[in-house]
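Given next are the chains, with one letter for each unit.
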Amino acid sequence: MMSLKQKILIVDDDPDIREVLSIQLGNEGYDVLEAADGMKAIGSVAQNPDVDLVILDVMMPGMSGVEACMEIRRISSVPILFLTAKLKESDKAEAYGSGGDDYLVKPFSKAELMMKVKSLMRRYNVYKGKQETEPGDTEIHIHDIMVNRESHKLTRDNQVLNITGTEYQIFMYLLGKRGKACSAQEIYESVWGEKFMPSSSGTIMVHILNLRRKLELDPNNPLIIRTIWGKGYQ
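Let me begin by describing the structure that accompanies this report. One numbering rule holds for all chains: residues counted from 1, following each sequence as written. Given that the model is predicted, a residue must reach a pLDDT of at least 70 before its local features are reported, and side-chain atom pairs must reach 80 or more before they are shown or counted; all residues, however, enter totals for whole chains, interfaces and linings. Each side-chain value is worked out from all heavy atoms of the structure, with water and hydrogens disregarded.

Some details on empty space enclosed by the protein
For cavity detection a 1 Å grid was placed over the protein atoms alone, and a set of points counts as a cavity when a 1.4 Å probe fits there but cannot get out; an open set counts as a pocket when protein lies on both sides within 12 Å along at least five of seven lines, with lining residues being those that have an atom within 4 Å of a point. Grid points are joined across faces, edges and corners, and a volume is the space filled by probe spheres set on the points. Inspection of every chain in the model, using the stated rule, returns 2 cavities of 30 Å³ or more. Size it by volume and the largest cavity reaches roughly 60 Å³. Surrounding the largest cavity, 10 residues form its lining, Pro-79, Asp-101, Tyr-124, Gly-165 and Thr-166 being those nearest its centre. Every helix listed is a DSSP run of H or I at least four residues long, and every strand listed is a run of E at least two residues long, numbered separately from the N terminus. Every element with two or more residues in the lining of the largest cavity is listed here: helix H5 (110–127) and helix H6 (165–176). When residues in the lining of the largest cavity are grouped by element, the largest group, 4 residues, is from H5.

Digging into unusual backbone geometry
Cis peptide bonds are those with omega within 30 degrees of zero, and the linkage from Lys-106 to Pro-107 qualifies with -10°. One can find Pro-107 in the loop between strand E5 (102–105) and H5. Despite not being glycine, Asp-157 has its phi angle at roughly 50°, a positive value. Relative to the helices and strands, Asp-157 is located in the loop between strand E8 (153–156) and strand E9 (159–160). Categorising residues by exposure relies on relative accessible area from a 1.4 Å probe, with only protein chains included: less than 20% of the type maximum marks a residue as buried, more than 50% marks it as exposed, and the intermediate range marks it as partly exposed. Its relative accessible area of 65% is what places Asp-157 among the exposed residues.

A word on the nonpolar core
For soluble globular proteins, the rule of thumb is that nonpolar side chains tend to be buried together. Membership of the largest hydrophobic core comes to 26 residues, with the highest contact counts inside it found for Leu-154, Phe-171, Ile-187, Leu-215 and Ile-225. For this core, the leading source of residues is H6, giving 7 residues. We call two residues contacting when some pair of their heavy atoms lies within 4.5 Å. The contacts of Leu-215, once residues within four sequence positions are left out, are Ile-145, Leu-154, Arg-156, Leu-161, Ile-163, Phe-171, Ile-224 and Ile-225. Put simply, a nonpolar core is a bunch of buried Ala, Val, Leu, Ile, Met, Phe, Trp, Tyr and Cys residues held in one set by side-chain atoms that sit within 4.5 Å of each other.

Quick word on the side chain of His-207
Relative to the elements of secondary structure, His-207 occurs in helix H8 (residues 200–215). On the accessibility criterion, His-207 (0% relative accessible area) is buried. Contact partners of His-207, with chain neighbours within four places excluded, come to Tyr-96, Gly-100, Asp-101, Thr-166, Glu-167, Ile-170 and Trp-192.

Let's talk about the pattern of salt bridges
By definition here, a salt bridge exists when the distance from a side-chain nitrogen of Lys or Arg to a carboxyl oxygen of Asp or Glu is within 4 Å. Under the criterion given, the structure shown has 12 salt bridges. The partner of Lys-116 in a salt bridge is Asp-102, with the nearest N and O atoms 3.2 Å apart. Highlighted residues: Lys-116 in helix H5 and Asp-102 in strand E5, separated in sequence by 14 residues. Like Lys-116, the residue Asp-102 is buried in the burial classification. The network of salt bridges with common partners includes Asp-12, Asp-57 and Lys-106.

This is how it looks when you write it as structure tokens:
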């Protein structure tokens, strides 16, 4: 059991799914909150700013999980794990584009769920600054963007750029390898901490596209994150 419980919000309109996930996560030592729809999820995140993870069903009546994710992103950088029966790459792109961090396709095993949960928790702990910043490297400038490694914020002209925790981790990994082309496999296994699979390449591509939309003045002609054909991203 954990000495300090981490808090997970489960959002699904199916009470049976919420109950099963609550039991599984509770048995692993997590403090579990529940919400039956997107609006309640947004309210729960607002009332519990210390929540460490949101597990969010995509297909819900009324407000969809994707719509709820976009609203949650206005108030929180908490990692969001989507649950869905959809398999198309376009569906994944929509989920990541709304601010989601990872994706789990139904049906899934408890082992798969816990792997995703622990991976996202670990990355969010880094994003929140629970690991120490190296001395002398608090601020880094790249083109017209200032990176503050202490606050984990990126700014341009004193305006904070709205990036997710996963996007921050990818950007910092590439920044740490500045001048070197990094393959999708290197990025995925370093940031996600999981074995690279063929589908993982699409995950990296979508996150890079989202980063470019937020960081580049002209995303079609990127200067900050470049594609090195046949090698990866630099």
